[in-house]
Amino acid sequence: DAKTTQPPSMDCAEGRAANLPCNHSTISGNEYVYWYRQIHSQGPQYIIHGLKNNETNEMASLIITEDRKSSTLILPHATLRDTAVYYCIVRVDQAGTALIFGKGTTLSVSS
Amino acid sequence: DTAVSQTPKYLVTQMGNDKSIKCEQNLGHDTMYWYKQDSKKFLKIMFSYNNKELIINETVPNRFSPKSPDKAHLNLHINSLELGDSAVYFCASSPRQGTGELFFGEGSRLTVL
């Protein structure tokens, strides 16, 4: 079962920042926060992950609150190609542990 | 170069038939997975192999049999296909056990008539 809560859908204007929230109030100290996305008819794509500190890569930034009970994925300048379902997943990085996907947030970027 | 490739991309077959989906990764990864995405778009883990050894086997009917001839390949064979097996099947790989950073293939859409 997914341990996260995400809004079912969000809209964003092209060129603006897309801020996707995720609640994970029962997260354990050794659980990471992972973000994936799935563009229509494609396989899921890894975006970013973090434990406690904020993280940034070429795709996005991940902001994790100090109590770790929620996080936000930020796409700084959304494009039409960022329209996708975004999944927030919490998990322990441990052998034998699967990546469990929830329902995610459908982000629609429009011009 | 496709990192994780699956064949076939589309498969239409009759109930009761047996079919296979092949997956190959050229990333040098040790761990491979099969996921199923049903019509409601839920992605569910089916199996995971590490260096040809089965490490995750979720509650999947035994009509589904994964086979890993080497660590670059993980094939999925399905016997006696049923209507409910219609789905998109995704293969994935990761560089080591335990990491949540997976690389997915493009999926194989199976339709059972």
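Scroll up to find the structure.
In this text the structure is predicted, and so the values were computed from the model without any measurement.

Student: I'm lost on the side chain of Gln37 of chain B in this one. Help?
Tutor: Looking at the element boundaries, Gln37 of chain B is found in strand β4 (residues 31-37). When its relative accessible area of 6% is taken as the criterion, Gln37 of chain B is described as buried. Of the polar contacts made by the side chain of Gln37 of chain B, one reaches the side chain of Gln38 of chain A; its length is 3.0 Å.

Student: Any chance you could explain the state of the cysteines here in plain terms?
Tutor: Here a disulfide denotes a covalent bond joining the sulfur atom of one cysteine to the sulfur atom of another. A full pass over the atoms with the stated rule returns 2 disulfides over all chains. Each sulfur in the disulfide pair Cys23 of chain B and Cys91 of chain B lies 1.9 Å from the other. With the S-S dihedral at roughly -80°, the linkage between Cys23 of chain B and Cys91 of chain B falls on the left-handed side. Here Cys23 of chain B is found in strand β3 (residues 19-25), whereas its partner Cys91 of chain B is found in strand β9 (residues 87-94), with 68 residues between them in sequence. Residue Cys23 of chain B shares its accessibility class with Cys91 of chain B, and that shared class is buried. Looking at Cys12 of chain A, it has no disulfide partner, and the nearest cysteine sulfur is the one in Cys22 of chain A, 18 Å off.

Student: It is not clear to me how unusual backbone geometry should be interpreted in this structure. Could you clarify?
Tutor: Both trends apply: most residues other than glycine have a negative phi, and most peptide bonds are in trans. All names here are of chain B. With omega at -5°, the peptide bond leading from Thr7 into Pro8 counts as cis. Residue position: Pro8 is located in the loop between β1 (4-7) and β2 (10-13). Here Ser80, not a glycine, exhibits a phi torsion of approximately 45°, which is positive. Mapped onto the fold, Ser80 is located in the loop between β8 (73-78) and β9.

Student: Would you mind going over the interface of chain B and chain A with me for this structure?
Tutor: How big an interface is tends to be stated in terms of the accessible area lost upon association of its parts. Opposite the 17 residues of chain B that make contact, chain A presents 22 residues. Roughly 1500 Å² is buried in total at the junction of chain B and chain A, and carbon and sulfur atoms are behind 58% of that figure. When the buried surface of chain B facing chain A is broken down by residue, Leu43, Gly98 and Gly100 of chain B rank first, second and third, together holding 29% of it. Linking chain B with chain A are 0 salt bridges, by the criterion used here. At the junction of chain B with chain A, the criterion picks out 7 residue pairs in polar contact (both at pLDDT 80 or more).

Student: Please clarify how the pattern of salt bridges should be interpreted in this entry.
Tutor: Pairing between side chains becomes possible if they bear opposite charge and their charged atoms approach one another. Residues and elements named next belong to chain B. Applying the stated criterion across every chain yields a total of 6 salt bridges over all chains. Note that Asp30 is salt-bridged to Lys71, the shortest N-O span being 2.7 Å. Of this pair, Asp30 sits in the loop between β3 and β4 while Lys71 sits in the loop between β7 (64-70) and β8, and the two are 41 residues apart along the sequence. Under the relative-accessibility criterion, Asp30 is labelled partly exposed at 23%. For Lys71, a relative accessible area of 35% translates into the label partly exposed. Of the charged contacts in the structure, one is a salt bridge between Glu82 and Arg63, with a shortest N-O distance of 3.4 Å. With a gap of 19 residues between them, Glu82 in the loop between β8 and β9 and Arg63 in the loop between β6 (53-57) and β7 connect regions that are remote in the sequence. According to the relative accessible area criterion, Glu82 is partly exposed, its value standing at 42%.

Calculation notes
Residues numbered from 1 in each chain as written. Chains lettered and ligands numbered in written order. Predicted model: local features only at pLDDT ≥ 70, side-chain atom pairs only at ≥ 80, totals over all residues. Heavy atoms only, no water. Helix = DSSP H or I, 4+ residues; strand = E, 2+ residues; numbered from the N terminus. Buried < 20%, exposed > 50% of the residue type's maximum accessible area, 1.4 Å probe, protein only. Polar contact = N/O pair within 3.5 Å; in protein donor to acceptor, adjacent residues only side chain to side chain. Disulfide = S-S within 2.5 Å. Contact = heavy atoms within 4.5 Å. Buried area = accessible area lost by both parts, 1.4 Å probe. Salt bridge = Lys/Arg side-chain N within 4 Å of Asp/Glu carboxyl O.

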